[in-house]
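Letter by letter, the chains look like this.
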Amino acid sequence: MAESERQEAAGLAGLSGGSRPPPPPPPPPPPRRSPRPALPQDFAPLGWEWRSRGGTMLALVARSMVKSSLNSPWRCELWLGGSDSRLKLNPTKTEVLCLSRSGPREGNPLPAFDGVPLVPASEVRSLGVLLDPSLTMEAQVAAAARSAFYHLRLIKQLVPFLERDELATVIHALVTSRLDYCNALYMGLPLCLIRKLQLVQNAAARLLMGLPRWEHIQPALKALHWLPIAYRIKFKARPSRLVKPVAFRKLPGRYLAHQEGLPSLPVPPLQQTLDHYLLALQPIVSEEELSHTRQLVEEFRKPGGAGERLQKGLERRARKHENWLSDWWLKTAYLEYRLPVVVHSSPGVVLPKQDFQDRQGQLRFAAKLIEGALDFKTMIDNETLPVESLGGKPLCMNQYYQILSSCRIPGPKRDSVVNYARGKKPSTHITVVHNFQFFELDVYSSDGSPLTTDQIFLQLEKIWNTSLQTNKEPIGILTTNHRNSWAKAYNNLIKDKTNKESVRSIEKSIFTVCLDAPMPRVSDDIYKSRVAAQMLHGGGSRWNSGNRWFDKTLQFIIAEDGSCGLVYEHAPSEGPPLIALVDHVVEYTRKPELVRSPMVPLPMPKKLRFNITPEIKNDIEKAKQNLNIMVQDLDIKVLVFHHFGKNFPKSEKISPDAFIQVALQLAYYRMYGEVCATYESASLRMFRLGRTDTIRSASVDSAAFVAAMDDSGKQDQEKAELLRRATQAHRAYTDRAINGNAIDRHLLGLKLQAIEDLVSMPELFMDTAYAVAMHFNLSTSQVPAKTDCVMCFGPVVPDGYGVCYNPMADHINFAISAFNSCAETNAARLAHYLEKALLDMRLLLQSSPKSKL
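Summary of the structure given here. Values in this document were obtained by computation on a predicted structure and should not be read as measured data. Here the residue index of a chain counts from 1 through its sequence in written order. Only residues with pLDDT of at least 70 get local features here, since the model is predicted, and only at 80 or more are side-chain atom pairs given and counted; chain-wide, interface and lining totals rely on the full set of residues. With hydrogens and water set aside, each side-chain value is computed from the structure's full complement of heavy atoms.

Turning next to the packing of helix H8 (residues 270-281) against helix H23 (residues 744-756). Note on definitions: angles span 0 to 180 degrees between N-to-C directions of axes, and those axes are lines fitted to C-alpha atoms, for helices only across the stretch in contact. Under the scheme used here, helices are H or I runs from DSSP no shorter than 4 residues and strands are E runs no shorter than 2 residues, and both carry numbers assigned from the N terminus. Relative to each other, H8 and H23 sit at 115°, their axes nearing to 10 Å. Here the hand of the crossing between H8 and H23 comes out left-handed. Two secondary-structure elements touch here, H8 through Leu270, Thr273 and Tyr277 and H23 through His746, Leu747 and Leu750. Lys, Arg, Asp and Glu make up the charged group, whereas Ala, Val, Leu, Ile, Met, Phe, Trp, Tyr, Cys and Pro make up the nonpolar group; the residues left over, Gly among them, are polar. Looking at the contact of H8 with H23, its residues break down into four nonpolar, two polar and no charged. Two helices crossing with the near one rotated counterclockwise from the far one by less than a right angle form a left-handed crossing, whereas a clockwise rotation gives a right-handed crossing. Only heavy atoms matter for contacts: two residues are in contact if any of them lie within 4.5 Å across the pair.

Take a look at the structure:
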């Protein structure tokens, strides 16, 4: 008999028929005793109190509000409700679950109870429910589903011998009862967990109705009058019932606990950085320039010199800040950057083309996408996102908490980023833009649950039908302008109360959904390149650029012709957290809908009004002109390299990223006959609040390989060895970078420290070689994804390229950008040379046997 059945049987045993014995006389009052000791001031209840009728248990789950509370004594007492005797702790039958902010740490154990040390468990079972320290309920859901499926397999063997009513009784007794047991605790869980239980219910319905697996399940559930799992949970946990939901409440501080366990970003040794700096200059500057720089480096590194003083200042800063770099980097790289965010800063993402070609398909897909994004938001809000790791080390998750409900605000000299997710009243609406008109759409119902796909679809239809005509003044165009111009226009715009309320609604929204008009028809070979341009800038003032608010951190873009993707403002986050959200949302949109929602009437989405003065209209016209120049100037090419993917370099024991980076070096060298400074972003998320550092792909070893590749005087074997050395050098630099030992952010820190200390700028940073090293003709980034997509961004210098790639198993997606205003650069030409470089490198490795270097 199962544990829950034994408990139920035990509970029913005393309720059988027969005469009831007379009640016992009331017990004498307990003797007076000394008052119970007061709980510490920092002791706050987190869970619940429960007393059995017989007074045999008192349970209190609590946490401390002070970090070092475990150093102070705790007193925990258990009383028998009707007597003065104390319970003794049985170590073999006692489990402790620590629901604290950070849990006990080494050297800081839980207090002993009655002389017995308490050891916290990773999970405990209470009344048949598995609880974990973060109340994610993942173990409980998995156990319930596993047990239910086990019983379904056994019941299946009895089907030939049972009538349908008997079969239903057995299924209810052994399967659905398990799904319903304590299911109020599932309230607020991510839909991915609820789906596991729904699959059990679907399997039970198919077994009872005799349906094959491919048969749609909704008619069967309806015929059986079975409420879907999500609604069963909602019904059980509704406020009018006795059981209050617990699982949906996040454990405050779980995110903070993880963050506190991460190391701080180190300040690399000065001498190490200077040595690596000289090494990085060798392939990109002349010998004469390098000789001059060596003298400056020697002067800078002298004991007691400028370098040592600035290094000590950096080390002092590192001791005072969570991350000595993060604030500086945010201001320098983003908030003080005055060029438009469009093309110059904000990346776009091209998603796979969808198979709809009309309004219904567009709105249905948008509704499903919104529901998927809200499902991801649930994990962020509940702090139940799985912690990512690299090489077994946990990564900083801070950026995930910055991408929703946040927005960049323009300023005259420096912008700012505001995050409304952590406020007292978190946002419950998104912004929807259609025909240049903005709408506020609430995506949560009155009970706090997110709207379903059907409900969102109906709301989007209302928006579509009330915005059939294109707005004459595309207010969103203002966000495409130069930051100083936009800051001035912004202050002018929000002088009007109506305008200010509308702007604030956009800024506070969770994210924005842009319902675009179809793009002009183009041939298949340039279709993806045109979509990439749409994601980056919207196509210009005559197309979809007015259908954006480019300061918004996250904007999903869905066009009527099936093209879709997103654009995001770069200041709050790097690409990987956005791609994790994309992977979740895309997978979510592919899932069949489990239930059709009851159509509860919903309020009309609120249209955001703007009062356009002549001055604002003039600002819009200027922004249109500047944007159209940018649109014409951007040269972008999406290349899908079909010949092989990341599996080939892996088969050669070569890092796929290193292989692609060396191919880029070869392609550039073949085009221009020289090596250039190359930027590849490296994640610093091993450290608290880490952002990025630079992998300098142009190395001495890569320069030696690209020079030898087309040299007819060298044998293939030698070239293959040089190729392997180049990839190994890139791998070694990558390892140094992700461990906080690259040179670029350290040099930047020394430079900014000099500015902060109000001392004269060292000559090292005024040197021509330093300017060459920071002029990245190739700005590159690997952004891998499960989805067959590609990220894209503009070049960082006028005569440079932006290259982003997503290596899939059997192909590689590239997005290459350049500026048409530069006669020397051409995105399609670089794509051609890159394709040839990749094929030539594969042929070289295949024709040359591996040798030990």
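Let us look at empty space enclosed by the protein. Think of a ball as big as a water molecule: rolled over the atoms, this probe shows where empty space is left. A 1.4 Å probe that fits but cannot get out identifies a cavity on a 1 Å grid over protein atoms alone, an open set with protein on both sides within 12 Å along at least five of seven lines counts as a pocket, and a residue lines either if it has an atom within 4 Å of a point. Grid points are joined across faces, edges and corners, and a volume is the space filled by probe spheres set on the points. Counted under the stated rule, the structure contains two cavities of 30 Å³ or more. Together, Leu265, Pro266, Pro268, Trp324, Leu684, Asp693, Gly740, Ala742, Arg745 and His746 line the largest cavity. Class assignment of the residues belonging to the lining of the largest cavity gives a composition of six nonpolar, two polar and two charged. Of the voids in this model, the second largest cavity is the one considered here, and its volume is about 40 Å³. Along the walls of the second largest cavity sit Leu351, Pro352, Gln354, Phe365, Cys564, Val585, Val586 and Thr589, which together make up its complete lining. It is helix H17 (residues 575-589) that contributes the most residues to the lining of the second largest cavity, three residues altogether. Of the residues assigned to the lining of the second largest cavity, the class counts are six nonpolar, two polar and no charged.

Let us look at the nonpolar core. What is meant by a nonpolar core is a set of buried Ala, Val, Leu, Ile, Met, Phe, Trp, Tyr and Cys residues, joined one to another through side-chain atoms within 4.5 Å. Only protein chains enter the accessibility calculation, which uses a 1.4 Å probe; a residue whose area is less than 20% of its type maximum is buried, one above 50% is exposed, and one in between is partly exposed. Tyr277, Phe705, Tyr801, Val803, Phe814 and Ile816 are the most contacted members of the largest nonpolar core, which totals 90 residues. If near-sequence neighbours (up to four positions away) are discounted, Phe705 is found in contact with Val662, Leu666, Lys719, Leu722, Leu723, Ala726, Met841 and Leu844. Counting 54 residues, the second largest nonpolar core, distinct from the first, contains Leu351, Ile370, Val432 and Val585.

Let's shift gears to the pairing of strand S19 (residues 778-782). The element S19 is largely enclosed, with a buried count of four among its five residues. Of the pairings in the sheet, the one linking strand S17 (residues 678-683) to S19 comprises three bridges and is parallel in character. Paired with Glu680 across the strands is Thr780, a residue of S19. Of the pairings in the sheet, the one linking S19 to strand S21 (residues 801-807) comprises five bridges and is parallel in character. For Ser781, the partnering residue across the bridge sits in S21 and is Cys804. Between any two strands, pairing holds if DSSP finds at least two bridges.

All right, on to the sheet that holds strand S18 (residues 692-696) then. Here six strands make up an open sheet; going across it, the order is S16-S22-S21-S19-S17-S18 and the pairing mixed. Of all the strands in the sheet, just strand S16 (634-641) and S18 have a single pairing partner and so form its edges. Averaged over all neighbouring strand pairs, the angle between strand axes comes to 25°, with direction disregarded. Docked against the sheet, helix H25 (residues 827-847) engages S16, S19, S21 and strand S22 (812-819), running at close to 25° with respect to S16.

Nothing here speaks to function; it is all geometry.
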